[in-house]
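The lines below spell out each chain.
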Amino acid sequence: MKPVKHQMNSSEEFDLLLVNGRIVDGTGNPWYRADVGLKGERIDSIGLLGSEDAKRRIDLDGLVLSPGFIDIHTHSDLTPFVAPEADSHVYQGVTTDVIGNCGGSQAPMSDYLKERQRPIAEEYGIEFDWNTFGEYLAKLESMKVSINLAAFVGQGTVRTAVMGMENRQPTRGELEEMKGHVAEAMEAGAFGVSTGLWYAPSGFAGTEEIIELARVVASYGGIYATHIRGEGDPLIEAVREAIEIGDRAGLPVQISHHKAMGMRNWGKVHETLRMMEEARGRGVEVTADVYAWTANATGLTAMLPHWVHERGRGAIIERLGDREARERIKEDMIEGIPGWESLVSECGWDRIMITRSPNHEDYEGRTVQELAEKGGVDPYDFAFDLLIECTGSPQGLLLATELVRPRGTIVLKTTTAENPQLPAARWVVDEITVVGSRCGRFEPALELIAQGTLKLRELISARMPLSEGVSAFQRAQDPTSLKVLIDVQ
Ligand SMILES: [Zn+2]
């Protein structure tokens, strides 16, 4: 047990006294047993206070008491403008959201981004009146958000600001301009840069281009977070690239939502975890996060090959409407293209479910295969027609695809919705892996945390109320052996 800390002398009685807790304070220390006394809304004393007077006393009976949790992977970049109280996170014990993931942030602002966000601006009344990252952070600050935000600047966003949706290498001048944006963001308080290399336009960038930006981040002591180039067939090469970037740019790497997508790739994570361990052994600080779901969710447009995204959304619709182009898209999605991962070929339309479709709510919860069969059309054509119809609608389309097990593919409908169909998730957690919600419920993440040990282990997570999650957390042999669990504030 750790020695008692932070004991302050106080003569008056406490308003609330929490006794017999196990304190996990986020400093990286192991837990220690102590009581916490509150006066008003503030913590007054931490120590052995059991004999002190208090208006109200709660016996925690060994439960963990912590300042809050960090949700390592969210896309809550605009949520504070709509719900600055962030209650969907606060009620789950989350006190810090990491935003700007997967290569996409809300600054630097560009005409392209502004246009793309126009439906959101209209629906939620958000005024996109910032340009730089610093201005965006200042605007967030002015919203008086109730939780902490740790923001990445998105490399895809930076690239769009400088090069639009161009699928080519940058000129020297363009590269310098991108580096300038990254430097501005770091000066303003960004935690690092993120990429989403599976997506366009982030994935239009080659390794060297990313290393150049990562070096700027490294000079500010920031980190590199990456949704890697492929999470299924090319998983191993993609993890290798992420490690190379960290190694050559000299900065820590966070591999986002680490997984092996598509049944034929299951099990590859053992190899990639080994690669990460090996890299750590030679001094490259690489960590990963997972979400506690058996499925992931993304936009339907993301199924399309990168070249289809060149020049933006109007061009996508044009291509989908052109017979020849449509055939080529279909062929590329079936056959694959070197350097690009075809999620449809990995998972199959029968494991790809529409989770949000504002124009056709009746599609929600059904697979593309099922809907296509019902309409008597080819699933590719069904998806393409749906895209033509819905691209640019306020909410867009969201899909869930299966990840790690064949049954029960479904997850997120909105950032706060609960999904009764959430299946049990099986996953591995080890010392280099942390857990994030990716905008969903955090409790399953807590369960994963609870069961994590220094050794690799296959885990089963069940849906549970937060209270049970916390006590599961408490049962962990050494919860602090997992990185970044507890908010330090
Ligand atoms: Zn991602």
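Structure: see above.
Treat the numbers as computed from the prediction; the structure is a model and nothing was measured.

What counts as what
- Residues numbered from 1 in each chain as written.
- Predicted model: local features only at pLDDT ≥ 70, side-chain atom pairs only at ≥ 80, totals over all residues.
- Axes fitted to C-alpha atoms, helices over the stretch in contact; angles between N-to-C directions.
- Helix = DSSP H or I, 4+ residues; strand = E, 2+ residues; numbered from the N terminus.
- Parallel < 35°, antiparallel > 145°, perpendicular 65-115°, else oblique.
- Left-handed = near helix turned anticlockwise from the far one by under 90°.
- Contact = placed C-beta atoms within 7 Å.
- Core = buried A, V, L, I, M, F, W, Y, C linked by C-beta atoms within 7 Å.
- Buried ≥ 20, exposed ≤ 12 C-beta atoms within 10 Å, placed from the backbone.
- Domains from an automatic or database assignment.
- Pairing = 2+ DSSP bridges.
- Expected span 1.5 Å × (residues − 1).
- Nonpolar A, V, L, I, M, F, W, Y, C, P; charged D, E, K, R; others polar.

## Some remarks on the packing of helix α12 (residues 313-321) against helix α16 (residues 379-390)
Viewed as axis vectors pointing N to C, α12 and α16 meet at an angle of 140°, and their least axial separation amounts to 10 Å. Taken together, the axes of α12 and α16 are oblique relative to one another. Handedness of the crossing formed by α12 with α16: left-handed. Together, Ile317, Leu320 and Gly321 of α12 and Phe384, Leu387 and Ile388 of α16 make up the contact between the two elements.

## Quick word on the nonpolar core
Counting 92 residues, the largest nonpolar core has Val182, Ala214, Val217 and Tyr224 as the members making the most contacts within it. Composition of this core by domain shows at least three residues from each of domain 2 (69-294 + 420-481) and domain 3 (297-402). Contacts of Val182, omitting those with residues within four sequence positions, involve Val153, Val158, Val193, Leu213, Val216 and Val217. Grouped together as the second largest cluster of nonpolar side chains are 13 residues, Phe14, Ile23, Ala34 and Val36 included.

## Quick word on the environment of Arg22
Among the secondary structure elements, Arg22 is positioned in strand β1 (residues 14-23). Overall, Arg22 belongs to the buried group, with 20 C-beta atoms counted inside 10 Å. Separated by 11 residues in sequence, Arg22 and Arg33 place their C-alpha atoms 4.5 Å apart.

## Some words on the pairing of strand β10 (residues 223-227)
For β10, the buried fraction is high: five of the five residues fall into the buried class. Because side chains alternate across β10, one face comprises the buried residues Ile223, Ala225 and His227, and the other comprises Tyr224 and Thr226, equally buried. Where strand β9 (residues 192-196) and β10 come together, five bridges link them in parallel fashion. Considered in β10, the bridge of Thr195 is made with Thr226.

## Considering the pairing of strand β2 (residues 32-39)
Across six bridges, β1 lies against β2 in antiparallel orientation. Among the inter-strand pairings, Leu18 is bridged to a residue of β2, identified as Val36. Bridging between β2 and strand β3 (residues 42-47) involves five bridges; their strand directions are antiparallel. Residue pairing in the sheet places Asp35 in a bridge with Gly47 of β3. The loop that links β2 with its antiparallel partner β3 comprises two residues; one of these, Gly40, has a positive phi angle of about 60°.

## Considering α16
If you check α16, its first and last C-alpha atoms are 16 Å apart, about what 12 residues at 1.5 Å a residue would give, namely 16 Å. When we look at burial in α16, the residues that qualify are Pro379, Tyr380, Phe382, Ala383, Phe384, Leu386, Leu387 and Cys390. Where the residues of α16 are buried, they touch α12, α13 (323-335) and α15 (368-375).

## Overview of the packing of helix α8 (residues 207-219) against helix α9 (residues 235-249)
Helix-helix packing is characterised by the crossing angle of the two axes and by the distance between the axes. Taken N-terminus to C-terminus, the directions of α8 and α9 make an angle of 45°; their axes are 9 Å apart at the nearest point. Comparing the axis directions of α8 and α9 gives the class oblique. In this structure, α8 meets α9 at a crossing whose hand is right-handed. Counted together, Thr207, Ile210, Ile211, Ala214, Arg215 and Ala218 of α8 and Glu241, Glu244, Ile245, Arg248 and Ala249 of α9 form the full contact between these two elements. Grouping the amino acids of the contact of α8 with α9 by side-chain chemistry returns six nonpolar, one polar and four charged.

## Some words on unusual backbone geometry
Cis rather than trans, the peptide bond between Ala107 and Pro108 has omega equal to 0°. If you trace the backbone, Pro108 turns up in the loop between β7 (94-99) and α3 (111-116). With an omega of 5°, the peptide bond running from Ala200 to Pro201 counts as cis. Assignment of secondary structure puts Pro201 in the loop between β9 and α8. Phi is positive for Asp61, close to 50°, though the residue is something other than glycine. Exposure remark for Asp61: the 11 C-beta atoms within 10 Å place this residue in the exposed category. Unlike most non-glycine residues, Lys144 shows phi in positive territory, near 50°. With respect to the secondary-structure elements, Lys144 resides in the loop between α5 (133-142) and β8 (148-154). Take Lys144: there are 9 C-beta atoms within 10 Å of it, and that puts it in the exposed class.

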